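Chain by chain, the residues run as shown.
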Amino acid sequence: MKIKAAVFRDDSGVPSIEELDLTGPGPGEVLVRITATGVCHTDLKSAGAGSPVPKPTVLGHEGAGIVEEVGAGVSKVAPGDPVVMTFDSCGACPSCRDAQPSYCHNTNHFVSSRPQSEYYLKADGEPVHGDFFSQSSFATHAIGTERSVVKVRDDAPLEQLGPLGCGVQTGAGAVLNEFKMKPGQTLAVFGSGTLGLSAIMAARISGAARVIAIDRHAHRLELAAELGADDTILAGNEPIDEQVLDLTGGGVDFTLDTTSVPEVMSQAIQVLAPRGTCAFVTGAWDGSPLPVPIRHLVGGGRIIRGIGEGGSNPDVFIPRLVDFFMDGRLPIDRLSTKYAFEDIAQAFHDSHEGDTIKPLLMMG
Ligand SMILES: [Zn+2]
Ligand SMILES: [Zn+2]
């Protein structure tokens, strides 16, 4: 079939909207007609220079849409079902068998697992990579796997739900699945984009006693306060760590870094209370190491850890997030700004500049 897709052909970060040929779905795969796709910072990084993603490629990994066709052997969803597309996993490794598919041993979200001969996207006969996070959903249609699509309730506004597949589940999952925050505990979030704001909303759901939001943009901090942050700190003036320690009288139980800026990451470790946990949900792509303050960790029993995709088991967690959204406790529509698919370059620009928190590309 013919589809329209945003093709990234070089490292400029600017795609061209092209007509491509799509074949499939193959066995175990699901063809989805995309309603809307969120733009995540991982898309921006993957589009630019230094990315491990081979080109030409179609990016996009926060798709939501309607199942159009299923391949042989698929029983989880059927044509007509509303679905959120998310990361794939093998289903057989120790993590997957333990219902922790975000830590799958056998899945690389950035490089296609499909052999060259099986590429299902072609531009005038030339193969185009179409397996980014097992979806490549900057397109009118995308193919996922049975494990990477999640059926959602049909009374929810599907156009808003794509970001549950990556950004929202990463931030909210860190708090709900991995920190397992309890009432009375405290959280400081470094970076108030989609990940940070989702973590703040999740902390409120958890009954957090105090939530501190930190960001370089005043308008994001205003939104953070509306969504549940008790205190906000505008980065760039005085040292952040002293302000957090002053506000909390000696440190916070949990810190979440969403910036991947080494100086900020170090501060997220320094402001931990004894027995506190600092988590990183993204890292610098150049592999820059971070000095570890061992004595700070040892003396107070503090923990540093990584969290991938919010430690989510998507079949369980995404429907739960949809319920929170429909109950008004996770108002993700407050983060999003709609763009026509053709305006993808503008959406990338606005996201990069920090003007828009979560662009949603409407496929029309
Ligand atoms: Zn696995
Ligand atoms: Zn993402």
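Residues numbered from 1 in each chain as written. Chains lettered and ligands numbered in written order. Predicted model: local features only at pLDDT ≥ 70, side-chain atom pairs only at ≥ 80, totals over all residues.

Engineer: Sorry if this is basic, but what is going on with the nonpolar core here?
Structural biologist: For soluble globular proteins, nonpolar side chains are generally found buried alongside one another. Of all hydrophobic cores here, the largest spans 99 residues; its most connected members are Val 58, Val 175, Leu 187, Ala 199, Ile 200 and Leu 361. If you tally residues by element for this core, the top one is helix α4 (residues 194-205), at seven residues. Mapped onto the domain boundaries, this core takes at least three residues apiece from domain 1 (2-151 + 331-362) and domain 2 (170-308). Not counting the four nearest positions on each side in its chain, Leu 187 is found in contact with Val 175, Met 181, Ala 203, Ala 208, Val 211, Val 252, Asp 253, Phe 254 and Leu 256. (Core = buried A, V, L, I, M, F, W, Y, C linked by C-beta atoms within 7 Å. Buried ≥ 20, exposed ≤ 12 C-beta atoms within 10 Å, placed from the backbone. Helix = DSSP H or I, 4+ residues; strand = E, 2+ residues; numbered from the N terminus. Domains from an automatic or database assignment. Contact = placed C-beta atoms within 7 Å.)

Engineer: Can you walk me through the domain arrangement of the protein chain in this structure?
Structural biologist: You'll often see interface size given as the accessible area lost when the parts meet. In terms of domain boundaries, the protein chain breaks down into domain 1 (2-151 + 331-362) and domain 2 (170-308). For domain 1 versus domain 2, the distance between C-alpha centres works out to 29 Å. Across the boundary between the two partners, domain 1 contributes nine residues, which contact nine residues of domain 2. Looking at side-chain class alone, the side of domain 1 that touches domain 2 contains three nonpolar, three polar and three charged residues. (Nonpolar A, V, L, I, M, F, W, Y, C, P; charged D, E, K, R; others polar.)

Engineer: I would appreciate a short explanation of unusual backbone geometry in the present structure.
Structural biologist: Leaving glycine aside, a negative phi is the common case for residues, and trans is the common case for peptide bonds. Residue Pro 25 is reached from Gly 24 by a cis peptide bond, and omega for that bond is 10°. Along the chain, Pro 25 turns up in the loop between β2 (16-22) and β3 (29-38). Between Lys 55 and Pro 56 the backbone carries a cis peptide bond, its omega angle lying at 0°. Considering the arrangement of structural elements, one finds Pro 56 in the loop between α1 (41-47) and β4 (57-58). Even without being glycine, Ser 260 reaches a positive phi, approximately 60°. Among the structural elements, Ser 260 can be located in the loop between β14 (252-257) and α7 (262-270). Ser 260 sits in the partly exposed class, given 19 other C-beta atoms within 10 Å.

Engineer: Whenever I open this one, the environment of Pro 157 confuses me. Can you help?
Structural biologist: In this fold, Pro 157 is placed in the loop between β10 (149-151) and α3 (167-179). Judged by local crowding, Pro 157 falls into the partly exposed class, with 13 C-beta atoms found within 10 Å. Along the chain, Pro 157 and Ala 47 lie 110 residues apart, while their C-alpha atoms are 28 Å from each other.

Engineer: For this particular structure, what's the right way to read helix α6 (residues 240-248)?
Structural biologist: Helical geometry: 3.6 residues make up each α-helical turn, so side chains three or four residues apart lie on a common side. Taken together, the buried positions of α6 are occupied by Ile 240, Gln 243 and Val 244. Projected onto a plane normal to the axis of α6, the buried residues spread over an arc of 95° and lie on a single side. The exposed set on the far side of α6, more than 90 degrees from its buried face, consists of Glu 242 and Asp 246. Where α6 is buried, its residues contact β11 (186-190), β12 (210-215), β13 (231-234), β14 and α7. Gly 249 sits one or two residues past α6 and shows a positive phi near 65°. (Arc of directions from axis to C-beta.)

Engineer: Explain the packing of α3 against helix α9 (residues 314-326) here, please?
Structural biologist: Helix-helix packing: each pair is described by the crossing angle between the helix axes and the interaxial distance. The interhelical angle for the contact between α3 and α9, taken along N-to-C directions, is 100°, at an axis separation of 11 Å. When the axes of α3 and α9 are compared, the pair comes out roughly perpendicular. Contact residues: α3 offers Val 168, Gln 169, Ala 172, Gly 173 and Asn 177, while α9 offers Phe 317, Ile 318 and Leu 321. Considered class by class, the residues forming the contact of α3 with α9 number five nonpolar, three polar and no charged. (Axes fitted to C-alpha atoms, helices over the stretch in contact; angles between N-to-C directions. Parallel < 35°, antiparallel > 145°, perpendicular 65-115°, else oblique.)

Engineer: Just to check I follow, could you spell out the sheet that holds strand β7 (residues 121-123) for this structure?
Structural biologist: Backbone-to-backbone hydrogen bonds join strands into a sheet, with any given pair of strands oriented parallel or antiparallel. Spatially, five strands are ordered β4-β1-β2-β7-β8 in an open sheet, and the strand pairing comes out antiparallel. The open sheet is flanked by β4 and β8 (126-128), the only strands paired with a single partner. The sheet contact formed by strand β1 (residues 2-8) and β4 spans two bridges and is antiparallel. Across the sheet, Val 7 pairs through a bridge with Val 58, a residue of β4. (Pairing = 2+ DSSP bridges.)

Engineer: Even after reading the chapter, I still don't get the environment of Val 74, so can you show me in this structure?
Structural biologist: Relative to the helices and strands, Val 74 resides in the loop between β5 (63-70) and β6 (82-85). By the C-beta count within 10 Å, which is 18 here, Val 74 ends up partly exposed. For the pair Val 74 and Pro 27, spaced 47 residues apart in sequence, the C-alpha separation works out to 7.5 Å. Not counting the four nearest positions on each side in its chain, Val 74 is found in contact with Gly 28, Val 30 and Glu 146.

Engineer: Sorry, what's going on with the sheet that holds β11 here?
Structural biologist: Strands sit in the order β13-β12-β11-β14-β15-β16 across an open sheet of six strands; the sheet is parallel. Of all strands in the sheet, those bounded by a partner on one side alone are β13 and β16 (303-306). Between one strand axis and the next, the sheet turns by 15° as a mean value, whatever way the strands run. With four bridges connecting them, β11 and β14 associate as parallel partners. Among the inter-strand pairings, Val 189 is bridged to a residue of β14, identified as Leu 256.

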